[in-house]
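The lines below spell out each chain.
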Amino acid sequence: MQSISVNRVNYLKGSVHISGSKNACLPILCSSIITRGIVVLKNVANITDINDICDILRYLNCKVKRRGNRLKVDSTKIQYKSLNINKCSKIRGSYYLIPVMLYLFNKCEIALPGGCKIGQRPIDCHLECFQAFGFSTIIENNVLYIKSNQRKKEVLLSLSKKSVGASINAILCGLGCEHSIIENLVIEPEGLDLISFLKKIGFNISFLNNKCIIKSHKQDIKNRITYKIIPDRMEAMTFVILGLLNGRILIKGANPSHMKYPLDLLINAKYNLKITKKGILACKSRGNAFNIKTDIYPLFPTDMQPLFAILLAASRGMCVVDETIFENRMQIYYDLLEGGGQINVIENKAYITGVTEFSPKHFKCKDLRQGAALLLYIFTYGGSIDNIDIIKRGYDGIFYKLKLLGANFSLK
Ligand code: EPZ
């Protein structure tokens, strides 16, 4: 298990270029094999979750070649195989392969997905989708078995829960039937990127007001396309907050419109933050406290909640952070308490009084975004973190990018 320790807390200066979005690339990469052709993806982050999906596609007899942040996927010789393999149980995004396997082979056998331990992470809403499209689902010994009962030609489905992953899987299921209308979707910038990719392949998809209409005609599908993934808004916000905490950082290549709500909160709280043509400029400043309630897009994203915790713990005044999406995503507040924070955690709410004195501490990374938040802490106040491999799941070249900003640390 790798660990990091800060040798000296430096003021961080310079610019950083944001990589492609993990959560957009995962469903796009999985659905690329629908073409049974050649798909070139650009702006693909070099992170373990994406590389794990590449290995799974290779296991299915696809050719997947990476050159920098460009990925070429050749699925002309794809074969059906059981996906009851460790790579699938390691990550959450493996479940985007299910509707794709159903589209191609009318069946799927796959290990239940993994993912950060930020809650139970059930897949009941996903199972409802598969069943609504005419498939039977059985789970035995942590393996999901799906086969076609009577594939439906027309489907009208309203999701029973507000789920990003189930929304994406419902759309991917819709590709396999002639006409589907899917409502109560949660579509974030990453989901819109998938829809734009699927349209480029040749699917007829319209999306408006959380409702998707899909008219799928297999003969229209192109088998050679190139597509560029959107930038990662979570990585972008990570570096924005690092700049506000302890530096002068120009964040390049991000798309501010994908993070309007959280950026507006920071600007309204008088943080030194400018959105310029060159990028987002974040400079060390102490802003006013403000309340956060996580919600679905375009409101405050749950993945940014641990990142904002580090900033709010040192802000002027008092505030409340209310985590409404995941039932086990409050770890960062216990870490901050260790470092000197004035925080009271009651169930999924953190009551924060901003303080300025934090001391160097040793932490353990437990999930992706808490790990990223701990990096923000140690590069502002000093300290060290164990188990940082988790961070590489979602941040491309983060330690190289930190070095370029003047961070002084050792990895071991
Ligand atoms: C996606 O997870 C992202 N992961 C998460 O990012 C992100 O935090 C989350 O969406 C919310 O935005 C990927 O895209 C790979 P959900 P997902 O289904 O799809 C409950 C990161 O750090 N639920 O929207 O798993 C669920 O328990 C990761 O990049 C059910 O009850 O999230 C949760 O409480 C962390 N039944 C809520 O819905 C289901 O069948 C939202 O989950 C599905 C979900």
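Figured I'd write up the structure that's included with this text. The structure displayed is predicted, hence computed values, not measured ones.

### Comments concerning the overall build of the chain
- For the chain, the count of helices and strands is 14 helices and 23 strands.
- Taking 412 residues into account, the globule formula puts the C-alpha radius of gyration at 22 Å, and the chain, at 22 Å, falls close to it.
- Seen through its C-alpha atoms, the chain measures out along the principal axes to roughly 65 × 45 × 40 Å.
- A sequence separation of at least 24 residues applies to 69% of the contacts in the chain between residues at least 6 apart.
- If you average the places of the 57 positive and of the 31 negative side-chain charges in the chain, the two averages end up 8 Å apart.

### A short note on the sheet that holds strand β4 (residues 63-67)
- Across the sheet, 4 strands lie side by side as β4-β5-β3-β13; this open sheet has mixed pairing. Of all the strands in the sheet, the pair left with one neighbour each is β4 and β13 (224-228). Neighbouring strand axes in the sheet, compared pairwise and without regard to direction, differ in orientation by 15° on average.
- Of the strand pairs in this sheet, strand β3 (residues 38-42) and β13 are connected by 5 bridges, and their pairing is parallel. Following the sheet pairing, Ile 38 is matched in β13 by Arg 224.

### Points about the packing of helix α1 (residues 22-31) against helix α7 (residues 189-201)
- Packing of α1 against α7 brings their axes to within 8 Å, and their N-to-C directions diverge by 30°. Taken together, the axes of α1 and α7 lie roughly parallel to each other. Of the two possible hands of crossing, α1 and α7 adopt the one that is right-handed. Here Asn 23, Ala 24, Pro 27, Ile 28 and Ser 31 of α1 lie close against α7, whose contacting residues are Glu 190, Asp 193, Leu 194, Phe 197, Leu 198 and Ile 201.
- Its residues assigned to classes, the contact of α1 with α7 comprises 7 nonpolar, 2 polar and 2 charged.

### Some details on the site of the ligand
- Near the ligand, the surroundings consist of 25 residues, among which Asp 124, Ser 163, Val 164, Asp 303 and Ile 325 are the closest.
- A distance of 3.1 Å separates an oxygen atom of the ligand from a polar side-chain atom of Arg 121.
- One nitrogen or oxygen atom from the main chain of Pro 122 is found 3.4 Å from an oxygen atom belonging to the ligand.
- Per-class residue counts for the shell around the ligand are 10 nonpolar, 5 polar and 10 charged.

### Side note on the sheet that holds strand β20 (residues 349-353)
- If you trace the 4 strands from one edge of the open sheet to the other, you get β17-β18-β20-β19, paired in mixed fashion. Two strands in the sheet have a free side with no partner beyond their single neighbour: β17 (292-293) and β19 (342-346).
- As paired strands, strand β18 (residues 318-322) and β20 are joined by 5 bridges and run antiparallel to one another. Opposite Val 320, over in β20, you have Tyr 351 as the bridge partner.
- Running over the sheet, helix α10 (residues 305-312) touches β17, β18 and β20 and is turned about 170° from β18.

### A word on unusual backbone geometry
- Each neighbour pair has its own omega, and for Tyr 297 with Pro 298 the value is 10°, a cis peptide bond.
- One can find Pro 298 in the loop between β17 and α10.
- The phi angle at Asn 209 is positive, at roughly 45°, despite the residue not being glycine.
- Examined against the element boundaries, Asn 209 turns out to sit in the loop between β11 (204-208) and β12 (211-215).

### Quick look at the packing of aromatic side chains
- Under the defined criterion, the tally for this structure stands at 12 aromatic pairs.
- The interplanar angle of 80° and the centroid separation of 6.1 Å between the aromatic rings of Tyr 103 and Phe 203 together place this pair among those described as edge-to-face. Of this pair, Tyr 103 sits in helix α4 (residues 97-105) while Phe 203 sits in the loop between α7 and β11; the two residues are 100 residues apart in sequence, bridging distant segments of the chain. Assigned by exposure class, Tyr 103 and Phe 203 land together as buried.
- Geometrically, the ring pair formed by Phe 358 and Tyr 381 is tilted, given 4.8 Å between the ring centres and 35° between the ring planes.

### Quick notes on the side chain of Arg 121
- The topology assignment puts Arg 121 in the loop between β6 (107-111) and α5 (124-132).
- One buried charged residue, Arg 121, forms no salt bridge at all, with the nearest opposite charge on Asp 303 at 7.3 Å.
- Sequence-distant contacts of Arg 121, that is, excluding residues within four places in its chain, are made with Arg 92, Gly 115, Cys 116 and Phe 326.

### Notes on helix α9 (residues 260-268)
- Among the residues of α9, Pro 262, Leu 263, Leu 265 and Leu 266 are the ones counted as buried. Down the axis of α9, the sector holding all buried residues measures 155°, keeping them to one side. Every exposed residue of α9 that faces more than 90 degrees away from the buried side is listed here: Lys 260 and Asn 268.
- Here the buried face of α9 lies against α8 (233-246), β15 (272-275), β16 (280-283) and α10.
- Immediately downstream of α9, the backbone of Lys 270 shows phi near 70°, a positive value.

### Description of a positive patch on the surface
- Among the surface-exposed residues, Lys 63, Lys 65, Lys 72, Lys 77 and Arg 224 lie close enough to one another that they form a single positively charged patch.
- With respect to the element layout, Lys 63 can be found in strand β4.

Calculation rules
Residues numbered from 1 in each chain as written. Predicted model: local features only at pLDDT ≥ 70, side-chain atom pairs only at ≥ 80, totals over all residues. Heavy atoms only, no water. Helix = DSSP H or I, 4+ residues; strand = E, 2+ residues; numbered from the N terminus. Rg over C-alpha atoms; globule rule 2.2 N^0.38 Å. Contact = heavy atoms within 4.5 Å. Lys, Arg positive; Asp, Glu negative; His and termini not counted. Charge placed at Lys NZ, Arg CZ, Asp CG, Glu CD. Pairing = 2+ DSSP bridges. Axes fitted to C-alpha atoms, helices over the stretch in contact; angles between N-to-C directions. Parallel < 35°, antiparallel > 145°, perpendicular 65-115°, else oblique. Left-handed = near helix turned anticlockwise from the far one by under 90°. Nonpolar A, V, L, I, M, F, W, Y, C, P; charged D, E, K, R; others polar. Near = heavy atom within 4 Å. Polar contact = N/O pair within 3.5 Å; in protein donor to acceptor, adjacent residues only side chain to side chain. Phe/Tyr/Trp six-rings, centres within 6.5 Å; stacked < 30°, edge-to-face > 60°. Buried < 20%, exposed > 50% of the residue type's maximum accessible area, 1.4 Å probe, protein only. Salt bridge = Lys/Arg side-chain N within 4 Å of Asp/Glu carboxyl O. Arc of directions from axis to C-beta. Patch = residues over 30% accessible without salt bridge, like charges linked within 9 Å, V, L, I, M, F, W, Y side chains within 5 Å. Areas by Shrake-Rupley, 256 points an atom, 1.4 Å probe, with all protein chains shown as cover.

Functional significance is not addressed by these values, which are geometric in nature.
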